[in-house]
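Overview (structure and organization)
Chain by chain, the residues run as shown.
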Amino acid sequence: MKVDSASLKVDSAGLHVLSRQECMRLLSTAPIGRIVFTDRALPAVQPVNFCLHHGDIVIRTNAGSKLAAATRHAVVAFEADDFDLRTRTGWSVTAVGRARAASDPDEITRLAALPLTPWAPGQRDHYIIVTAEQLSGRRLHR
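In this report, the structure presented in the accompanying data block is examined. (Residues numbered from 1 in each chain as written. Predicted model: local features only at pLDDT ≥ 70, side-chain atom pairs only at ≥ 80, totals over all residues. Heavy atoms only, no water.)

1. Some remarks on the overall build of the protein
Helix and strand counts for the protein come out as three helices and eight strands. What you see in the protein, going N to C, is helices and strands ordered as β-β-α-β-β-β-α-β-β-α-β. For the protein, the accessible area works out to roughly 8600 Å², and carbon and sulfur atoms hold 53% of it. Within the protein, one finds 18 positive and 14 negative side-chain charges whose respective centroids are separated by 4 Å. (Helix = DSSP H or I, 4+ residues; strand = E, 2+ residues; numbered from the N terminus. Areas by Shrake-Rupley, 256 points an atom, 1.4 Å probe, with all protein chains shown as cover. Lys, Arg positive; Asp, Glu negative; His and termini not counted. Charge placed at Lys NZ, Arg CZ, Asp CG, Glu CD.)

Structure follows, in structure tokens:
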């Protein structure tokens, strides 16, 4: 992808600041992300596979999991990235928003049709939806 460096915003660390549209496009290419939530009053991070659905981050998990319990109507952070160690290039996108559990049967049916196959073993019929209220991203170019 050709980038017009004259039109890019750069942060204080020299990283290119990504637009919301570019952040969403990059998130759609990442197979794994990390959700940050509160567990017993402490920050917790869990890697998850996910997909985007109408601009929301959708995670499939077990209804009785610690993640499911901790994210009900909670503010969470979500991060995904991709880096090439050889070229020292890459990107990182962070979303912050409120998480909710899908409870409407019609919504659950729609979410079950998404290309979101759990990687972890066991029953995964609980859907967490994170609506990104804040979205930021950075790209590292050589």
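Here the narrative resumes, following the displayed structure.
2. Digging into the pattern of salt bridges
According to the stated counting rule, one finds eight salt bridges in the structure shown. Between Lys66 and Asp39 there is a salt bridge, and its shortest N-O distance comes to 3.5 Å. On the criterion of sequence distance, the pair formed by Lys66 in helix α2 (residues 66-70) and Asp39 in strand β3 (residues 32-39) is long-range, its members being 27 residues apart. Looking at Asp39, the relative accessible area reads 16%, which means it is buried. Salt bridges sharing common partners tie together Glu22, Arg25 and Arg139. (Salt bridge = Lys/Arg side-chain N within 4 Å of Asp/Glu carboxyl O. Buried < 20%, exposed > 50% of the residue type's maximum accessible area, 1.4 Å probe, protein only.)

3. A look at the nonpolar core
Core analysis: the largest hydrophobic core is formed by 26 residues, its most contacted members being Leu27, Ile35, Phe50, Ile59, Phe78, Val93 and Leu135. At the level of secondary structure, the elements contributing two or more residues to this core comprise α1 (20-27), β3, β4 (42-53), β5 (56-61), α2, β6 (75-84), β7 (89-101) and β8 (126-140). If we ignore the near neighbours within four places in the chain, the residues touching Phe78 are Leu27, Gly33, Arg34, Ile35, Val48, Phe50, Ile57, Ile59, Val93, Thr94 and Ala95. (Core = buried A, V, L, I, M, F, W, Y, C linked by side-chain atoms within 4.5 Å. Contact = heavy atoms within 4.5 Å.)

4. Observations regarding the layout of surface pockets
Its volume calculated, the largest pocket comes out at about 200 Å³. Along its surface, the largest pocket is lined by 14 residues, and Gln46, Pro47, Val48, Ala120 and Arg124 are the ones closest to its centre. Broken down by secondary-structure element, the contributors of at least two residues to the lining of the largest pocket are β4 and β5. Tallied by class, the residues present in the lining of the largest pocket amount to eight nonpolar, four polar and two charged. (1 Å grid on protein atoms, 1.4 Å probe; cavity = no way out; pocket = protein on both sides within 12 Å on 5 of 7 lines; lining within 4 Å. Points joined across faces, edges and corners; volume = space filled by probe spheres on them. Nonpolar A, V, L, I, M, F, W, Y, C, P; charged D, E, K, R; others polar.)

5. Re the packing of aromatic side chains
For the coordinates displayed, the defined rule picks out one aromatic pair. When the ring of Phe50 is compared with that of Phe78, the centres are 4.8 Å apart and the planes differ by 70 degrees; the resulting orientation is edge-to-face. A residue pair is termed long-range when its members are at least 10 positions apart, and Phe50 in strand β4 and Phe78 in strand β6 qualify at 28 residues. As far as burial versus exposure is concerned, Phe50 and Phe78 are alike and both buried. (Phe/Tyr/Trp six-rings, centres within 6.5 Å; stacked < 30°, edge-to-face > 60°.)

6. Remarks on unusual backbone geometry
Although it is not a glycine, Ala41 adopts a positive phi angle of roughly 70 degrees. Inspection of the secondary structure assignment puts Ala41 in the loop between β3 and β4. Positive phi, normally seen in glycine, also occurs at His73, with a value near 60 degrees. For His73, the location among the structural elements is in the loop between α2 and β6.

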